[in-house]
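# Summary of the model geometry
Residues per chain are reported as follows:
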Amino acid sequence: MYDLAFVRGNLPLVEERLGRRGIDPSLLRGFSTLDAERRSAITEAETLKAQRNALSAEFGRLKREGADTSLIAAQTSALKEKTEQLEALAAQADQKLRTLLESLPNLPHPSVPVGASEHENICQKTWGEIPNFDFPARPHWEIGEQLGILDFERAAKISGARFVLQLGSGARLERALANFMLDLHTQEHGYVEVLPPSLVNSCSLFGTGQLPKFAVDLFHCDDRGPYIPGELQESDHWLIPTAEVPVTNIFRDEAIDLSCGSISFTAYTPCFRSEAGSYGKDTRGMIRQHQFQKVELVKFTRPEDSYAEHEALTRHAETVLERLGLPYRRMLLCTGDMGFSSAKTYDLEVWLPGQQTYREISSCSNFESFQARRANIRYRPAGASKAEFVHTLNGSGLAIGRTYLAILENYQQADGSVRIPQALVPYMNGETVITRQSFGRAL
RNA sequence: GGAGAGAUGGCCGAGUGGCUUAAGGCGCACGCUUGGAAAGCGUGUAUACCGCAAGGUAUCCAGGGUUCGAAUCCCUGUCUCUCCGCCA
C-alpha cells in the first residue's frame, strides 16, 4: 500500500510506474475526486463536531448552575444528525480510497527491467558446472521411488494429489537440509532463528499482501466460520503459504529499534499452498506440492540500508546452493513477473538435470515500505521525533523440497544411488550415499 | 469445553456520566545545581487525520448501543490471567 499523501503529490509518477507493471493507470483516475470528496466530508463533519462539543460543555455548565438546558439539548440533537450523515459520507469515501490503494501492487524500483512475463527476466549470473552424466539423467521422482525414499502413491492415498511421503534416509535428508541451512544462516550470516506459528489470522495475511487479493491461493480453516471476502479478522486461521507471513508480522503495529542496524530472522516452517489455477502443471514429482518445508530469511531495515541488505540476503541464499554444489543462476525479475508486494526481486534457479532446465528455488525480494505500511511497522530514525516505516525484505534460504529434488537429480549415479553433498554428510550421521531401501513394501 | 477476573499513555497505576487526553509514580529528554557524579529542583514527554494557519477531530482492547454528553452504563467479539475438565 502507498502513502496517501505521496500518491496525492506524485500522481504522474505513480501512474508511470504502475504502467511499467502492466497496470492500467486509469485505475487511478478516480483517485483525485475520491480524495477531494473524503477531505471535504471530514472537514465539514469535524467542524460540526467541534460545535457539538462546545455546546455539550455549555450544557454541563448550565446544568450545574441549574439553568434551562432544553434549547441546547435540541441544538446538539440536530447537529448530531447532520454530523452522522457527513461522517458516513467520509467513511464511504475513505473506504473506497483505501480499497483502491490496497488493490495496487508495489511500485517497481527503477533498476527493475520492464517486461510482460518471465521471458523478459534478466540472467545476471550463473554458478557451478552443469553435470555431464555418462548415462541418461533421470527425474527425481523416478530416483526417489526406486530408492524407496519417496512415495507419491501412498501420499495420495493419505492426503490426495500434490503430497509426498518421505521415508528413511529420504526423511532424514529433509531434516539434514533444514539443520544445515539454519546453522549456516545463524552461525555465519547473523540471523536469529525463530519458530513461528504455522496458522495465522487474516490481519497478518493483509500485512504481507496475500489478502485480500490472493485468498484463493491459500488454505483457510473454517473453525471460525467461512471467509467473507475482504473481511480481516484477528481470530481466524489460515495455513501459512510461507514463513514470510508470521515472521514479518512479528512486529505488526509496533515501533522497533533499528539504531544498531537491521533485524534478521530465519525460520524453518511448513508452507501450504492451494495451487489453484496450476492444474496440470508440474503434476509429477515434488516441484509443486500443497505442503512443502522452507527455510526463510526475513529482514527489517532502515530505508537507506534496504538495497544493500537485499544484495546481502540474496548472497546468503546463494551460499546455500554453493555449499551444496548445486549449479544455479540468478535472475532479475522484470516488472511483469514480480509479486504483488515487491519492489525488486531476484529469483535463484537451480539446474535440474532430470528435466534439463533451471527451476526457481529461492525468491529474494525488497518490499521497501509496502508491507510495513500495511502492517504498520515503524522505527524512529536517529534524532527524529516522528516514527517512519521500516523496509522489509525476505527470501527463501532455501525451499527444502526443491533443494531436495535438486540433490537427487544432480548427485544421481548410474546405479540409481545418490551421493550426499559433502556439507550435508555430518547432518546425515556420516552417510555418504543413499542406496535402495524398503520399508514394509513387498519388493 | 465450564466458571471467574481483567484489558487505561514507553511502563506501573488512579479514575463508576460533564471540571479527564486522562491524577500519581517510574522511565526518558532538556535545564538549574555540582569540582564531577548522584540526589534535589524545574520544564517537557502518544498517534493518526483535517486545516495555509490559528486550531480542530478521533483514539482509555475492538465493534455496536443508551445519552444533550461515555474511559465510566448496556450488548457482542477478541485477547490475557486464575481455577476445573480434557490433552501432546
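Located above this text is the structure these notes cover.
One structure accompanies this document, and this report is about it. (Residues numbered from 1 in each chain as written. Chains lettered and ligands numbered in written order. Predicted model: local features only at pLDDT ≥ 70, side-chain atom pairs only at ≥ 80, totals over all residues. Heavy atoms only, no water.)

## Digging into the pattern of salt bridges
Tallying each qualifying case throughout the model produces 21 salt bridges. For K125, the salt bridge goes to E318, with nearest N and O atoms at 2.9 Å. One end of the pair, K125, is in strand β1 (residues 122-127); the other, E318, is in helix α10 (residues 306-323), with 193 residues separating them in the sequence. Here K125 falls in the partly exposed class, since its relative accessible area comes to 26%. With a relative accessible area of 0%, E318 lands in the buried category. With a closest N to O distance of 2.6 Å, K294 and E296 form a salt bridge. (Salt bridge = Lys/Arg side-chain N within 4 Å of Asp/Glu carboxyl O. Helix = DSSP H or I, 4+ residues; strand = E, 2+ residues; numbered from the N terminus. Buried < 20%, exposed > 50% of the residue type's maximum accessible area, 1.4 Å probe, protein only.)

## Section: the sheet that holds strand β11 (residues 344-352)
Paired through their backbone hydrogen bonds, the strands of a sheet run either parallel or antiparallel. Read across the sheet, eight strands follow the order β1-β10-β11-β12-β15-β9-β8-β4 without closing on themselves; strand pairing throughout is mixed. Edge strands, defined here as strands with exactly one partner in the open sheet, are β1 and β4 (192-194). Neighbour-to-neighbour, the strand axes of the sheet open up by a mean angle of 25°, direction not taken into account. Looking at chain direction, β1 and strand β10 (residues 328-332) are connected through five bridges and run antiparallel. Directly across from C123, in β10, lies its bridge partner M331. Of the strands in this sheet, β4, β8 (263-272), β9 (291-301) and β15 (391-399) touch helix α7 (residues 169-187), which is tilted by about 165° from β8. The strands touched by α10 are β1, β9, β10, β11, β12 (357-366) and β15; relative to β15, the strand with the most contacts, the crossing angle is about 5°. (Pairing = 2+ DSSP bridges. Axes fitted to C-alpha atoms, helices over the stretch in contact; angles between N-to-C directions. Contact = heavy atoms within 4.5 Å.)

## As for the protein's contact with RNA strand B
Within the structure, RNA strand B sits among 24 residues, and T43, E46, N53, F59 and T76 are positioned closest to it. Per the 4 Å cut-off to the protein, sugar and phosphate atoms form 69% of the nearby atoms of RNA strand B. Within the contact set of RNA strand B, a phosphate oxygen lies 3.2 Å away from a side-chain nitrogen or oxygen of R39. In this structure, T76 approaches RNA strand B through a side-chain N or O atom, which is 2.8 Å from a sugar or linking oxygen. Elements supplying a minimum of two residues to the surface near RNA strand B: α3 (31-65) and α4 (70-102). Ranked by the residues each element gives to the surface near RNA strand B, the list is headed by α3, at 13 residues. Of the residues assigned to the surface near RNA strand B, the class counts are four nonpolar, eight polar and 12 charged. (Near = heavy atom within 4 Å. Polar contact = N/O pair within 3.5 Å; in protein donor to acceptor, adjacent residues only side chain to side chain. Nonpolar A, V, L, I, M, F, W, Y, C, P; charged D, E, K, R; others polar.)

## Concerning the environment of S417
Positionally, S417 belongs in the loop between α12 (400-410) and β16 (418-419). Distance in space between the C-alpha atoms of S417 and Q146 is 9.1 Å, their sequence separation being 271 residues. Setting aside residues up to four positions removed in sequence, S417 forms contacts with L147, Y411, Q412, V433, I434 and T435. Of the polar contacts made by the side chain of S417, one reaches the side chain of Q413; its length is 2.9 Å.

## Considerations on the environment of E304
Tracing the backbone through its elements, the reader meets E304 in the loop between β9 and α10. Taking relative accessible area as the criterion, E304 reaches 58% and is therefore assigned exposed.

## Considering α3
Compared with the 51 Å implied by 1.5 Å per residue over 35 residues, the 51 Å span of α3 between its first and last C-alpha is a close match. Of all the residues in α3, the buried ones are F31, L34, D35, R38, A41, A45, L48, L55 and L62. Packed against the buried residues of α3 are α1 (4-9), α2 (11-20) and α4. Note on α3: the residue one or two positions beyond its end, G66, has a positive phi of about 75°. (Expected span 1.5 Å × (residues − 1).)

## Remarks on the side chain of S341
Mapped onto the elements, S341 comes out in the loop between β10 and β11. Assessed through its relative accessible area of 6%, S341 is described here as buried. Leaving out residues up to four positions away in the same chain, S341 has contacts with N106, T208, G209, F367, F370 and Q371.

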